[in-house]
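Notes for the structure review
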Amino acid sequence: MTTSHGRLTAFGNQLIDVHIWLREELAALREDIDAYLAGGARPRELRAHCLAFCSALNRHHTGEDDGAFPELARRFPELRPVLEELRRDHRLVEDSLRRLQALAGRLDRAADPAEVRRELDSLAALMETHFVYEEKRIVSALNALDAPDWRRSRPEFLRTDEGES
């Protein structure tokens, strides 16, 4: 939560950092899928990586819906339509994650692994559009927000690791 100079990092900047981390995690998952399609990576390891990524992305969005967005709506009522649009995006991402998890769960059977890659590509496009829009529309409001509870304990939407607090 602090920079190397000891200053507090603004919440919007932290959000961008989480988005960068999620993009990197998705890129790594896509590489694993490519390796599997080329004859590498065991399906069990691939499923575990997929489930970990899906869980992290879901935790991030749930944290936004349950924590960040209500606070932003209270403090910046003009953002309510934007926040509703972002919540709709979250539901689309959630649907894609469910499809991806179902596909990954069948990788060691007769399922088409290329179908998993197509779903990943679809998810990546959806995530990128969502992240860019979110960053353009709410980062400055998050940076202006002072939420002492968030400074004491990092909220779910700003976590990059299950063990992080």
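Residues numbered from 1 in each chain as written. Predicted model: local features only at pLDDT ≥ 70, side-chain atom pairs only at ≥ 80, totals over all residues. Heavy atoms only, no water.

Topic: the overall build of the protein chain
Rules: Working definition: helices are DSSP H or I runs of at least four residues, strands are E runs of at least two. Numbering for both runs from the N terminus. Here's how the labels work: a residue is buried when its accessible area is under 20% of the maximum for its type, exposed when over 50%, partly exposed in between, all with a 1.4 Å probe on protein chains only. The contact rule is simple, with two residues in contact once any of their heavy atoms fall within 4.5 Å. Using a 1.4 Å probe, accessible areas were evaluated by the Shrake-Rupley method; residue-level cover was limited to the displayed protein chains.
When you go through the protein chain residue by residue, the secondary structure sums to five helices and zero strands. Per-residue burial for the protein chain yields a buried fraction of 42% across its 165 residues. A fraction of 75% describes how many contacts in the protein chain between residues 6 or more apart in sequence connect residues 24 or more apart. Per element, the accessible surface of the protein chain, about 8,600 Å² overall, is 50% carbon and sulfur.

Regarding the side chain of Asp 89
Inclusion rule: Only four residue types enter the tally: Lys and Arg on the positive side, Asp and Glu on the negative side; His and the chain ends are excluded. What makes a salt bridge here is a side-chain nitrogen of Lys or Arg within 4 Å of a carboxyl oxygen of Asp or Glu, nothing more. N or O atoms within 3.5 Å of each other form a polar contact, as long as, within protein, one can give a hydrogen and the other can take it, and as long as residues adjacent in sequence are counted only when both atoms are side-chain atoms.
Of note, Asp 89 is situated in helix α3 (residues 80–105). For the buried Asp 89, no salt bridge is present, and the opposite-charge side chain at shortest range is Arg 88, 6.5 Å distant. Among the polar contacts listed, one links the side chain of Asp 89 to the side chain of His 130, at a separation of 2.9 Å.

Overview of the pattern of salt bridges
This structure, assessed with the given rule, holds 14 salt bridges. The closest approach of N and O atoms between Arg 30 and Asp 121, which form a salt bridge, is 2.4 Å. Of this pair, Arg 30 sits in helix α1 (residues 11–37) while Asp 121 sits in helix α4 (residues 113–144), and the two are 91 residues apart along the sequence. Residue classification places Arg 30 among the partly exposed residues on the basis of a relative accessible area of 23%. Given a relative accessible area of 31%, Asp 121 falls into the partly exposed group.

Concerning the nonpolar core
Where we set the bar: We call a set of buried residues a nonpolar core when its members are Ala, Val, Leu, Ile, Met, Phe, Trp, Tyr or Cys and they connect through side-chain atoms within 4.5 Å of each other.
The biggest cluster of nonpolar side chains holds 24 residues, and the ones touching the most others in it are Leu 22, Phe 53, Leu 57, Leu 97, Leu 100, Leu 123 and Met 127. Of all elements in the fold, only α1, α2 (43–75), α3 and α4 reach the threshold of two or more residues within this core. In this view, Met 127 contacts Leu 22, Leu 26, Phe 53 and Leu 57; residues no more than four positions away in its chain are not counted. Membership of the second largest hydrophobic core comes to 20 residues, among which are Leu 15, Leu 145, Ala 147 and Trp 150.

Some words on the packing of α3 against α4
This is how the line gets drawn: Here, axes are lines fitted to C-alpha atoms. For helices the fit covers the stretch in contact, and angles between N-to-C directions go from 0 to 180 degrees. In these notes the angle categories are as follows: under 35 degrees is roughly parallel, over 145 is roughly antiparallel, 65 to 115 is roughly perpendicular, and the rest is oblique. Should the near helix be turned counterclockwise from the far one by less than a right angle, the crossing is left-handed, whereas a clockwise turn marks it as right-handed. Residue classes follow a fixed rule: Ala, Val, Leu, Ile, Met, Phe, Trp, Tyr, Cys and Pro count as nonpolar, while Asp, Glu, Lys and Arg count as charged, and any other residue, Gly among them, counts as polar.
In the contact formed by α3 and α4, the axes pass within 10 Å of each other and the chain directions differ by 160°. The angle between the axes of α3 and α4 places the two elements in the roughly antiparallel class. At the point where α3 passes α4, the crossing takes the left-handed sense. Among the residues making up the contact of α3 with α4, the classes are represented as 15 nonpolar, three polar and seven charged.

Points about the environment of Leu 158
Its location among the elements puts Leu 158 in the segment after α5 (148–152). Exposure remark for Leu 158: the relative accessible area of 0% places this residue in the buried category. With 139 residues separating them in the primary sequence, Leu 158 and His 19 have C-alpha atoms 9.2 Å apart.

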